[in-house]
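Summary of structural features
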Amino acid sequence: MVRQALSQSLPWLAFVNISFALLIALRDQLFDQFDTSLLTHQALIPIIETGIYLIIAASLFLLLIKGMRLVLLTLISLIWALCGYCFVVYWQLPFAYPLGIILLLTATAALYFYPAGLLCYLLPLWLAIPVASFQLNQSINHRFAIIWLIFTLILLYGRYILLRWFNEAWLRYEQNQLLISRLDLLAHQDALTATANRRALEQHLAQAISQQRPFSLIMLDVDYFKRYNDTYGHQAGDACLAAVAAVLKDAVRTPEDVVGRYGGEEFVVMLLDATTAQAESVAERIQQQLQQRGLEHAASDVATHVTVSQGIASAAPGVSAEQLITQADQALYRAKQRGRNRWVS
Ligand SMILES: Nc1nc2c(ncn2[C@@H]2O[C@H](COP(=O)(O)OP(=O)(O)OP(=O)(O)O)[C@@H](O)[C@H]2O)c(=O)[nH]1
């Protein structure tokens, strides 16, 4: 995140530094009689001009060279501090203050995510003012003290506002992420059984087929479930479906396998990298675990507990998701025909 934020804000910082450096470099074209009317210490002009071109070069390097940011930021600020010092002490140019505050505020916003860089940039410029004041007055001057205090307050307040913005933006981001994950869950999970819903199942199937991954499918259906509902009530039927789903999740072995509710009392188990024989052993495990679970089903003709019939199909080259589902469904139909509470592949 820091790298991304810097990649956006460093060009702005460089742009502001270069713009002000160019304003000073082109002062004769932009302002009338600038040097001759205002500047008394002409000998300093070449030094400041060299500094200004160095600022332009260092700002350009700041964009190009990623490894030397701290050095370049310190260098730019030191040169600005030297220029500001000369403007205040030798020429008493009041524009040094707004220039300083613009540079400092720009850096505060641009280097917000980069405290080390911010410190390197802020310190030389920020300290140049009391140093210049002391040099000019040979003591601490209360007017300079007030200006410096205002500088400091502007900076601290600006940073505080940035912090609040950032915290609010981060809070919104986290809330959005939470919302997205909830919506994702709603869109892909069956609420009653906490398994994948049909849409998610179809996506998993399509993905495995497009990746040409070997896998097997078990399509299963609770036996005599209408009678279960009629005997125990619809709510108990719901609880029964949730319990069957829990058994299925327990019966699969790898976290990559998918258990989903295909519709009504019909489930699909998708076993990645599993052969038909391995799928049959999962089907056997499901049957055994349902027996151990022993959910009473007094209206069933095949057992005293809730049982399922299962149809197994395995992926093969050229077989589409729909064809595979149809194969598993036909196997399930045969399992029902042959007496239920069994699997057919
Ligand atoms: N409680 C409950 N019942 C459901 C739900 N979805 C479907 N059903 C019921 O499941 C029953 C399915 O009945 P059938 O398709 O006749 O199948 P069956 O009674 O299991 O008979 P066989 O599959 O032939 O053993 C219907 O009565 C549906 O109302 C659900 O979410 N909750």
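Residues numbered from 1 in each chain as written. Predicted model: local features only at pLDDT ≥ 70, side-chain atom pairs only at ≥ 80, totals over all residues.

1. A short note on the overall build of the protein
- Regarding its fold elements, the protein presents 13 helices and five strands.
- Sequence-distant contacts, at least 24 apart, represent 67% of the contacts inside the protein between residues at least 6 apart. (Helix = DSSP H or I, 4+ residues; strand = E, 2+ residues; numbered from the N terminus. Contact = placed C-beta atoms within 7 Å.)

2. A short note on the site of the ligand
- By nearness alone, 16 residues border the ligand, and Asp223, Phe225, Lys226, Gly237 and Gly264 come closest of all.
- Only β1 (215-222), α10 (225-232) and α11 (234-251) provide two or more residues apiece to the shell around the ligand.
- For the shell around the ligand, the per-class residue count stands at five nonpolar, four polar and seven charged. (Near = placed C-beta within 6 Å. Nonpolar A, V, L, I, M, F, W, Y, C, P; charged D, E, K, R; others polar.)

3. Section: the pairing of strand β3 (residues 266-272)
- By the criterion of burial, β3 is predominantly enclosed, with five of the seven residues buried.
- Here β1 pairs with β3 via seven bridges, running antiparallel. By the bridge assignment for β3, Ser216 is matched with Leu271.
- Here strand β2 (residues 258-263) runs beside β3; their pairing, made up of five bridges, is antiparallel. Its bridge partner lying in β3, Val258 is registered against Met270.
- The hairpin formed by β2 and β3 contains two residues between the paired strands, and Gly264 there has a positive phi angle of roughly 50 degrees. (Buried ≥ 20, exposed ≤ 12 C-beta atoms within 10 Å, placed from the backbone. Pairing = 2+ DSSP bridges.)

4. As for the nonpolar core
- One finds Leu217, Ile218, Leu248, Val269, Val282 and Ile312 to be the most contacted residues of the largest nonpolar core, which totals 45 residues.
- Dropping the residues within four chain positions of it, Val282 is found in contact with Ile218, Ala251, Val252, Val269 and Leu271.
- In this structure, Leu72, Leu73, Tyr121 and Ile129 belong to the second largest nonpolar core, which totals 37 residues. (Core = buried A, V, L, I, M, F, W, Y, C linked by C-beta atoms within 7 Å.)

5. A look at helix α5 (residues 69-89)
- With 21 residues, α5 ought to run about 30 Å at 1.5 Å a step, and its terminal C-alpha atoms sit 30 Å apart, in line with that.
- Of all 21 residues that make up α5, 15 are buried, and the element is covered over most of its length. (Expected span 1.5 Å × (residues − 1).)

6. Let's talk about the UniProt feature "transmembrane region" (unreviewed entry) in the protein
- In the numbering used here, UniProt assigns the feature "transmembrane region" (unreviewed entry) to residues 12-31, 43-63, 70-90, 96-114 and 142-162.
- When the span residues 96-114 is considered, its composition is 79% helix and 0% strand, and the gap between its end C-alpha atoms is 26 Å.
- Between the first and last C-alpha atoms of residues 142-162 the distance is 30 Å; the span itself is 100% helix and 0% strand. (UniProt positions renumbered as here; feature names shortened; annotations may be inferred.)

7. A short note on the packing of helix α6 (residues 96-110) against helix α7 (residues 115-137)
- At a minimum axis separation of 10 Å, α6 and α7 run at an interaxial angle of 160 degrees. Regarding the angle of α6 to α7, the classification is roughly antiparallel. Of the two possible hands of crossing, α6 and α7 adopt the one that is left-handed. Between α6 and α7, the contacting residues are Gly100, Leu103, Leu104, Ala107 and Thr108 on the first element and Leu118, Tyr121, Leu122, Leu125, Trp126 and Ile129 on the second.
- Here the contact of α6 with α7 is built from residues that sort into nine nonpolar, two polar and no charged. (Axes fitted to C-alpha atoms, helices over the stretch in contact; angles between N-to-C directions. Parallel < 35°, antiparallel > 145°, perpendicular 65-115°, else oblique. Left-handed = near helix turned anticlockwise from the far one by under 90°.)

8. Description of the packing of α6 against helix α8 (residues 142-188)
- At their nearest, the axes of α6 and α8 sit 10 Å apart, and the two run at 25 degrees to each other. Accordingly, the angle class assigned to the pair α6 and α8 is roughly parallel. α6 and α8 meet at a crossing whose hand is right-handed. Of the residues in α8, those touching α6 at Tyr97, Ile101, Leu104, Leu105, Thr108 and Ala109 are Ile147, Phe151, Ile154, Leu155, Gly158, Arg159 and Leu162.
- Looking at the contact of α6 with α8 residue by residue, the class counts come to ten nonpolar, two polar and one charged.

9. What about the confidence of the model for the protein?
- Taken residue by residue, the protein gives an average pLDDT of 91. The fraction at 70 or more is 97%.
- By mean pLDDT, helix α3 (residues 34-38) is the weakest element of the protein at 61, and strand β4 (residues 308-314) is the strongest at 98.
- Of the two predicted TM-score estimates for the complex, the pTM is 0.63 and the ipTM is 0.96. (pLDDT = per-residue confidence, 0-100.)

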